[in-house]
Amino acid sequence: MAERSFAKEVLKLRAGDGDVFRGEGILAITKALLQSGVAYVGGYQGAPISHLMDVLNDAQDILGELGVHFEANGSEATAAAMLSASINYPLRGAVTWKSTVGTNVASDALSNLASSGVTGGALVIVGEDYGEGSSIMQERSYAFAMKAQMWLLDPRPNLPSIVDMIEKGFELSEASNTPVFYMMRIRGCHVTGEFIASDNRAPEYSALNPVAPTREPEKIILPPNVYEQEREKIAQRWPAALEYIQKNKLNEWFDGKHATLGIITCGGTYNTVIRALERQGLADCYGNSDIPIYVMNVAYPVVPDEVVRFCQGKEHVLLLEEGQPAYIEPEINTILRKRDLQTKVYGKDLMPHAGEYTGHVTLLGITRFLETADNPAIECRFSSSDVNAMETPLQDDEQQALLKNVPPRPSGLCTGCPERPLFSAIKQLQPELGPFHISSDIGCHSFATLPPFNLGNTIMGYGLSLASSSGVRSALPHKAISIMGDGGFWHNGLTTGVASAVFNEHDGLLIIINNGYSAATGGQDIPSMVEPNSLIATTMDVAKSERDDSVSIEQACRGAGVQWIRTISTYDIERMKATLREALNSKLPGLKVIVAEGECMLNRQRRIRPLMNKAIADGKRTVKARFYVDDNTCTGDHACIRISGCPSLTIKDNPDPLREDPVSYVDNSCVGCGVCGSNAHSAVLCPSFSRVDVVHNPSAMDRILWKLRQRVLGWLQARSTDQHSRAA
Amino acid sequence: MAGAPSTINIVAAALGGQGGGVFTNWLIDVAQANDWAVQTTSLAGVAQRTGATIYYIEMIPKTDQQAVMSLFPSQGDIDIAICSEIAEAGRMLQRGFITADRTTLVTSTNRVFSIIEKIGLADSTIDPDEILDLAQRYAKQFVGMDMQAIADKNKSVISAVMLGALAGSGALPFSQQSFADAIKASGKGVDASLAAFNAAFKVAAEGQESTTDTTEENEASTAELPNVDGFPLGDFPAAAQPLIALGIERTRNYQDADYAHLYLDKLKTISGLDNGDKDYELTQLTARYLALWMCFEDVPRVAQLKLREQRLEEVRREVGATSDQIFYVTEYFAPRVEEMCAVMPAKLGAGVMNSALGKTVLGWFTGGKKLRTNTVSVNLALRFLAWLRKFRRDSLGYQHEHRMIDAWLTAIVDAAPGNPELACELARCGRLVKGYGDTRHRTSQQLLAIVEAVNQQSITTAEKVSELREAALADDSNQQFQAALKP
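The text that follows walks through the structure, step by step, so that each part is easy to find. Computed from a predicted structure; not experimentally measured. (Residues numbered from 1 in each chain as written. Chains lettered and ligands numbered in written order. Predicted model: local features only at pLDDT ≥ 70, side-chain atom pairs only at ≥ 80, totals over all residues.)

## Thoughts on the overall build of chain B
Move 1: Helices and strands together make up the secondary structure of chain B, namely 22 helices and eight strands.
Move 2: What you see for chain B is a C-alpha radius of gyration of 29 Å, clearly larger than the 23 Å of a compact globule of 487 residues, by over 25%.
Move 3: Principal-axis analysis of the C-alpha atoms gives chain B an extent of 95 × 55 × 45 Å.
Move 4: Counting the 487 residues in chain B, one finds 52% classified as buried.
Move 5: Contacts in chain B between residues at least 24 apart in sequence constitute 69% of all its contacts with a sequence separation of at least 6. (Helix = DSSP H or I, 4+ residues; strand = E, 2+ residues; numbered from the N terminus. Rg over C-alpha atoms; globule rule 2.2 N^0.38 Å. Buried ≥ 20, exposed ≤ 12 C-beta atoms within 10 Å, placed from the backbone. Contact = placed C-beta atoms within 7 Å.)

## Brief notes about the sheet that holds strand β14 (residues 344–346) of chain A
All names here are of chain A.
Move 1: Taken in spatial order, the five strands make up an open sheet running β9-β11-β10-β13-β14, and their pairing is mixed. The open sheet is flanked by β9 (252–254) and β14, the only strands paired with a single partner. Here the strands of the sheet are splayed against their neighbours by 20 degrees on average, with no regard to which way each runs.
Move 2: In terms of strand pairing, β9 meets strand β11 (residues 293–296) through three bridges, oriented antiparallel. By the bridge assignment, F254 is partnered in β11 with I293.
Move 3: Along the sheet face, helix α12 (residues 270–279) touches β10 (261–266), β11 and β13 (316–320) and points at about 145 degrees away from the line of β10.
Move 4: Docked against the sheet, helix α15 (residues 359–373) engages β10, β13 and β14, running at close to 165 degrees with respect to β13. (Pairing = 2+ DSSP bridges. Axes fitted to C-alpha atoms, helices over the stretch in contact; angles between N-to-C directions.)

## Quick look at the sheet that holds strand β21 (residues 564–569) of chain A
Residue and element names in this part refer to chain A.
Move 1: Strand order in the open sheet formed by six strands is β16-β15-β17-β18-β22-β21, with parallel pairing between adjacent strands. Where the open sheet ends on each side, the last strands, each with one partner, are β16 (458–459) and β21.
Move 2: Where strand β15 (residues 438–440) meets β16, two bridges bridge the pair, whose relative direction is parallel. Residue S439 lies in a different strand from β16, and its bridge partner there is T458.
Move 3: Of the strands in this sheet, β17 (481–485) and β18 (509–514) are in contact with helix α20 (residues 486–503), which crosses β17 at around 130 degrees.
Move 4: Running over the sheet, helix α22 (residues 573–585) touches β18, β21 and β22 (592–597) and is turned about 165 degrees from β21.

## Remarks on the nonpolar core
Move 1: One finds A:W151, A:F181, A:Y182 and B:A200 to be the most contacted residues of the largest nonpolar core, which totals 286 residues.
Move 2: The element best represented in this core is helix α6 (residues 158–169) of chain B, accounting for eight residues.
Move 3: In contact with B:A200, not counting residues within four places along its chain, are B:M145, B:M147, B:I150, B:V161, B:G164, B:A165 and B:G168.
Move 4: Counting 48 residues, the second-largest nonpolar core is a separate cluster that includes B:L121, B:I270, B:A411 and B:A415. (Core = buried A, V, L, I, M, F, W, Y, C linked by C-beta atoms within 7 Å.)

So, in structure tokens, the structure goes:
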């Protein structure tokens with residue numbers, strides 16, 4: 001059950017010939033796949049393509065009707081290996097993942113796939129997580145395309161182009177027997193727009209019409225085949241690709257009156273180029289430009305004849321290629337040199353090596369290009385110093401004022417997150433047993449490396465925390481600590497981490513956070529599901545988990561040879577502290593594993609909120625819990641926040657006119673998970689926290705007790721007020 | 001290509017979970033209903049959990065040519081910026097998205113505190129007025145309102161208010177009706193959303209400025225002064241009287257009238273030495289922190305506060321329970337042996353603290369307790385604990401606290417004649433003393449360490465005391481303080 005349901009959007013996938021399809025880029029890709037007669041799809045979730053997986057997941061009905069096979073793959077490597085279906089058979093297949101991280105994981109299978117070559121079109125839709133909004137290290141997928149010889153499509157970011165390029169991508173793949181990367185940038189994935197749909201096409205072969213198994217021994221990647229495959233890449237597949245690209249005009253030309261100048265851009269950055277030219281008065285908002293533009297919707301391979309044709313008669317050409325190192329720029333220079341063309345090519349000398357080509361960066365680069373070209377017929381609206389000045393209209397002292405008053409907002413764990421109490425426990429233990437070196441992992445728990453927890457030293461990749469502790473463990477004063485999510489565990493932590501650690505007699509501690517979902521990527525299901533946690537103070541805790549075929553992390557670890565395993569609810573902070581202490585002080589040899597359980601609160605709330613509301617509407621006794629800070633006893637030290645960071649635990653002005661520091665305050669978004677109360681207990685903070693249980697549809701007993709208590713308490717209160725006034 | 005048509009460019013800055021996506025979808029519907037082409041994009045991913053998110057929207061009237069719209073908000077190219085929180089408006093300014101020649105800034109003036117502001121040991125909140133001032137100066141048109149308050153008042157969410165504020169600003173050429181239609185078409189919580197939308201529209205259209213009320217500061221205003229008849233308030237400088245009246249009321253409520261007189265006696269020594277600078281700053285500072293310190297939160301005090309008459313009504317209001325709804329309040333107490341000994345007669349308490357057996361026995365009653373306040377048994381137990389304050393003056397805790405208070409006051413008295421600034425800084429250090437358990441211990445020890453250093457003359461200047469106070473508030477590990485304390 002993913003975080004966002006696409007049930008409504010999925011209906012749009014049924015659009016037929018001539019219908020106007022409106023929606024997000026990611027949804028358009030799904031529709032384009034169905035229109036292209038895709039036979040199988042798969043992938044692994046991760047921003048910015050998580051929604052593609054979610055849409056496919058929610059579209060099972062439609063996929064089933066067409067006979068399209070879908071798998072939510074265990075990892076990107078699984079997804080890439082799935083493409084081997086296209087080696088022997090005319091089956092079109094598409095898989096998707098976050099890149100470059102997913103591409104790295106998938107690389108073994110991709111290299112072999114690229115060597116064997118494909119019969120059916122094979123597309124890898126990579127969500128290029130680069131630039132603003134990215135959550136990973138900054139690299140590009142281009143190098144991988146080059147070294148494995150897979151083509152790389154980078155379409156213009158508008159829905160018609162995005163859709164058209166999917167169909168063309170399959171054809172290109174089939175025409176050149178080569179798997180193809182289809183690159184979507186972050187903003188492109190989330191761009192909205194419209195295109196004219198066509199009918200969905202059922203694949204020729206599927207469960208409804210199976211293929212006849214055939215063997216093509218020359219496609220197996222064993223010597224001597226591999227030598228022939230490498231030769232074939234150069235001698236046949238490459239020229240075939242160039243021919244298809246040119247014949248079908250995958251790259252685009254836009255003429256302009258200033259014919260001695262030109263701009264070469266990848267498809268993904270085209271819109272930004274047009275906007276920059278428009279702002280300089282050299283284009284209109286419909287893309288009619290005074291400067292000729294060559295748009296490489298195919299970023300790899302570069303088509304030499306097209307480059308030569310574009311550059312002929314041009315004195316100055318600007319190339320826009322994001323990221324570093326530059327791949328296209330040396331290629332174009334080589335092409336021009338070999339054809340003896342004297343066109344001057346500008347690239348990374350005018351544009352930044354690192355970082356995204358945002359609107360501002362592109363405007364500045366194009367302005368500098370035009371100033372360098374110094375064409376007397378062109379008058380820019382803004383000089384490069386004007387553009388530089390646009391970066392901020394503010395004076396220095398005003399910038400300083402903003403620096404002081406605009407606080408950073410680092411990502412953090414959600415309200416009620418089951419991972420919070422684990423990190424509270426670790427932070428509370430640190431003065432006693434620390435300071436800790438912690439090998440962290442990919443997932444929501446990565447946020448523990450940020451304030452207020454500041455726990456964690458390195459992140460090496462998804463499911464790699466335990467593996468990454470294996471070197472440093474020998475040099476630490478405490479047992480090595482690794483923290484991994486259940487998502488990372490199933491992705492590859494079980495093998496690269498647990499199995500390897502057991503084999504090497506690693507005696508450190510692995511904490512596996514089991515929240516039942518791949519939470520950080522949007523709450524997708526994973527092999528292990530947790531039972532709803534009874535420690536959360538609501539009446540609906542008894543609701544059963546949805547899947548009963550869940551696989552236990554504990555059993556998997558035992559199977560891999562782990563002897564010392566404890567499974568603990570994260571919300572039980574005291575017990576968690578005691579168990580952590582036991583693991584870190586243990587003299588027993590071998591890996592210690594703590595499975596820290598607690599259901600992802602976002603998913604949990606989505607699951608139980610309708611149930612609670614229904615229970616209340618049905619007149620059933622229901623208790624809704626939330627927490628409360630007594631602002632009379634809170635002294636405004638905020639120690640509770642420093643070991644929590646819960647979004648619901650915030651501050652407000654101190655109501656006491658004598659006190660000046662803001663008091664802690666629980667706002668109405670509290671879900672009653674109880675962590676702030678447990679923290680107040682286990683860290684011995686203060687007597688300000690209380691849980692308030694509001695009873696809906698009280699029973700007769702509730703009412704009788706309530707009335708009785710009210711009466712006695714009222715009498716006691718009156719009596720003491722009386723005494724007080726007499727005393728005064 | 002002068003005079004050519006161009007897009008209207010809009011950035012929307014919201015915080016994760018505030019419904020920026022919903023807002024954007026409404027805007028798409030409005031544009032399409034008016035036959036405009038519209039393109040939006042956003043940065044989702046993990047940033048949406050609690051971080052700041054930006055949505056970017058471009059739109060242009062439809063023609064037979066397809067417009068090429070940018071996916072990036074660009075400095076100097078923004079027509080409308082809409083922000084759900086004032087610090088986010090600051091971020092838009094910082095990024096250069098607000099320019100005087102074209103940007104309409106529609107912003108909420110309320111605060112959502114960032115974790116960085118929340119984790120401070122004292123007050124680490126930013127000053128929204130500085131942002132507001134810059135925002136008003138740099139925007140071509142400024143529309144500010146407390147969107148959260150409007151949302152709360154209409155039992156709706158901030159996204160509906162954002163839409164209303166944008167519609168009311170007149171920055172987009174669409175009718176109020178077409179915005180409202182988009183909300184109606186979304187079919188979820190329509191009535192509440194429409195009410196919030198209309199309220200915000202009205203505020204924006206009628207040009208009302210920010211509704212943040214800056215006069216309501218933590219100043220002790222004379223209007224609500226407690227009745228302190230019978231106490232010699234007139235002996236003190238007028239400027240300090242409001243604070244002192246509060247101090248009298250607080251100490252009397254804490255113990256009795258005699259205790260309030262003790263407060264005044266102690267304060268008198270200080271005010272007698274005050275040279276009157278800055279409205280009798282020294283007296284004011286001491287009046288404030290002395291009252292708070294003398295009302296230290298021991299077990300009887302906490303019990304007394306938990307029993308206060310209005311408390312359950314405060315809770316009821318806060319959790320939004322109706323007047324006839326049943327609710328239970330479960331307190332989280334975690335008394336330590338130290339707190340228990342503090343209420344014992346001084347000799348006994350000290351004896352137990354030094355006795356392993358005594359501590360073990362008391363240990364059975366310490367640790368985390370969850371107590372339901374609004375049950376008769378717990379209420380009676382709390383009443384017993386509160387009643388113990390009768391014996392407070394003989395308790396170990398009282399004697400301990402008053403020894404520290406006197407050491408602090410003596411240092412102020414010693415400094416005041418020769419170095420009034422130093423005296424003021426010492427008085428200001430009273431702010432350090434707060435918290436419970438280990439926190440309380442750490443903060444009062446820090447204050448004593450400062451007093452000790454001044455007594456030893458290893459610290460002689462106001463600046464150094466101020467520096468130490470800042471160091472004490474910089475982290476809760478005591479490390480920066482210890483480093484600053486080293487000569």
